[in-house]
Amino acid sequence: MKEVTIVEAPKGHSGSGFFATSFDEAIGLARSYSLWPLPFATSCCGIEFMATMGAHYDISRFGSERPSFSPRQADLLMVMGTIAKKMAPVVKQVYLQMAEPRWVMAVGACASSGGIFDTYSVLQGIDRIIPVDVYVPGCPPRPEQIIDGLMQVQYLAQNEKLRRRNTDEYQELLASYNIQ
C-alpha cells in the first residue's frame, strides 16, 4: 500500500479552532492546484500528453484534469511539438488571449529549441516569441517528465507573489517580446 502525502499548510499561525496565514500564501496554494492547461500540440509530444491525461498517469491528481481549449479559460499554455514559423503568430495570439496570471511550458525538444529540425521553416524555440516558465526536455518526453514539468509550474504558481506581474521587471520582460 502506498503512503499518501498530504499538502503542507502554508506558513501561518494556528490555534484552537483557527488558522491564519497571508493572503499571498492562500491564493498561491489555491492557484497551484487548480491549473487549467491549454494543450497546443502539433506532433508526437501531443501523443505523450494524451498518455499523461489517461488513467495510468492521471494528471487530475494535480488539479489539471480539465484541459481548456479556450485561451480565455486557461492559465497554463503547454506548447508541445514542432512549431513552424507560420504558426508563431498563432501561438503568440493564443498567449495574448490568456488572462493573467498565465504560465507557459515548452514540452519537448522541438518546442524548446527546434529539436532536430534546424531549418528555415521551423521556429528554434518558442521562447523567441513568448516567455517560457518551464522547459520539459525529451524527444518526445515521457509522461513522467510532463508531470514533473507540471509540478514545476505548480511550484512557481504557489510561490509567486500576487503583485509580481505588476512589477517593472515583469513589464520589461513582456516588452522584450513586444507584448503590451
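Computed from a predicted model, the values in this text were never measured in an experiment.

### Section: the overall build of the protein
Within the protein one finds 6 helices and 6 strands. Counted from the first residue to the last, the protein has its helices and strands arranged as β-β-α-β-α-β-α-β-α-β-α-α. On C-alpha atoms alone, the protein measures out to a radius of gyration of 18 Å, which is about the 16 Å that the 2.2 N^0.38 rule sets for 180 residues. Overall size of the protein, expressed as C-alpha extent along the three principal axes, is 65 × 45 × 25 Å. Looking at the 180 residues of the protein, the share that counts as buried comes to 39%. Considering the protein, the positive charge centre built from 16 side chains and the negative charge centre built from 18 side chains are found 6 Å apart.

### Some remarks on the packing of aromatic side chains
Summed over all chains, the structure comprises 0 aromatic pairs. The residue whose ring lies beneath Arg 66 is Trp 36, and the NZ or CZ to ring-centre distance is 4.0 Å. Its end group placed over the ring of Trp 103, Arg 165 keeps NZ or CZ at 5.2 Å from the ring centre.

### Some details on the UniProt feature "domain: NADH:ubiquinone oxidoreductase-like 20kDa subunit" (unreviewed entry) in the protein
Residues given the UniProt feature "domain: NADH:ubiquinone oxidoreductase-like 20kDa subunit" (unreviewed entry) here are residues 44–152. End C-alpha to end C-alpha, residues 44–152 measures 22 Å, and it is 33% helix and 12% strand.

### Thoughts on the environment of Arg 66
Its place among the elements puts Arg 66 in the loop between α2 (44–53) and β4 (76–80). Through-space distance from the C-alpha of Arg 66 to that of Met 53 is 9.5 Å; in sequence the pair is 13 residues apart. Not counting chain neighbours up to four residues away, the residues in contact with Arg 66 comprise Trp 36, Pro 37 and Gln 73.

### Description of α2
Given 3.6 residues to a turn, an α-helix orients residues that are three or four positions apart in the same direction. Taken together, the buried positions of α2 are occupied by Cys 45, Gly 46, Phe 49 and Thr 52. Projection of α2 onto a plane perpendicular to its axis shows the buried side chains occupying an angular sector of 105°, all on one side. Away from its buried face by more than 90 degrees, α2 exposes Ile 47 and Met 50. As for α2, its buried residues are in contact with β3 (37–41), β4, β5 (103–107), α4 (108–113) and α5 (143–159).

### Quick word on the packing of helix α1 (residues 23–32) against α5
The geometry of α1 relative to α5 is characterised by a closest axis approach of 7 Å and an angle of 155° between their N-to-C directions. When the axes of α1 and α5 are compared, the pair comes out roughly antiparallel. Helix-helix and strand crossings are classified by hand; for α1 and α5 the assignment is right-handed. Contacts between α1 and α5 involve Gly 28, Leu 29, Arg 31 and Ser 32 on the former and, on the latter, Gln 154, Ala 157 and Gln 158.

### What to know about the sheet that holds strand β6 (residues 134–136)
If you trace the 4 strands from one edge of the open sheet to the other, you get β3-β4-β5-β6, paired in parallel fashion. Of all strands in the sheet, those bounded by a partner on one side alone are β3 and β6. The mean inter-strand angle of the sheet, taken between neighbouring strand axes irrespective of direction, is 20°. Here β3 pairs with β4 via 5 bridges, running parallel. Paired with Ala 41 across the two strands is Met 80, which belongs to β4. Of the strands in this sheet, β3, β4 and β5 are in contact with helix α3 (residues 88–97), which crosses β3 at around 175°. The strands touched by α5 are β4, β5 and β6; relative to β5, the strand with the most contacts, the crossing angle is about 160°.

### Some words on the layout of surface pockets
Over the atoms, a rolled probe matching the size of one water molecule traces out where space is still vacant. When its volume is computed, the largest pocket comes out at roughly 390 Å³. Around the largest pocket sit Thr 5, Ile 6, Val 7, Glu 8, Tyr 33, Arg 61, Phe 62, Met 151, Gln 152, Gln 154, Tyr 155 and Gln 158, which together line it. Considered class by class, the residues forming the lining of the largest pocket number 6 nonpolar, 4 polar and 2 charged. Lining the second largest pocket are 13 residues, with Pro 10, Lys 11, Glu 25, Gln 158 and Asn 159 sitting closest to its centre. Within the residue set of the lining of the second largest pocket, elements represented by two or more residues are α1 and α5. Within the lining of the second largest pocket, the residues separate by chemical class into 5 nonpolar, 2 polar and 6 charged.

What counts and what doesn't
- Residues numbered from 1 in each chain as written.
- Predicted model: local features only at pLDDT ≥ 70, side-chain atom pairs only at ≥ 80, totals over all residues.
- Heavy atoms only, no water.
- Helix = DSSP H or I, 4+ residues; strand = E, 2+ residues; numbered from the N terminus.
- Rg over C-alpha atoms; globule rule 2.2 N^0.38 Å.
- Buried < 20%, exposed > 50% of the residue type's maximum accessible area, 1.4 Å probe, protein only.
- Lys, Arg positive; Asp, Glu negative; His and termini not counted.
- Charge placed at Lys NZ, Arg CZ, Asp CG, Glu CD.
- Phe/Tyr/Trp six-rings, centres within 6.5 Å; stacked < 30°, edge-to-face > 60°.
- Lys NZ or Arg CZ within 6 Å of the ring centre and 35° of its normal.
- UniProt positions renumbered as here; feature names shortened; annotations may be inferred.
- Contact = heavy atoms within 4.5 Å.
- Arc of directions from axis to C-beta.
- Axes fitted to C-alpha atoms, helices over the stretch in contact; angles between N-to-C directions.
- Parallel < 35°, antiparallel > 145°, perpendicular 65-115°, else oblique.
- Left-handed = near helix turned anticlockwise from the far one by under 90°.
- Pairing = 2+ DSSP bridges.
- 1 Å grid on protein atoms, 1.4 Å probe; cavity = no way out; pocket = protein on both sides within 12 Å on 5 of 7 lines; lining within 4 Å.
- Points joined across faces, edges and corners; volume = space filled by probe spheres on them.
- Nonpolar A, V, L, I, M, F, W, Y, C, P; charged D, E, K, R; others polar.

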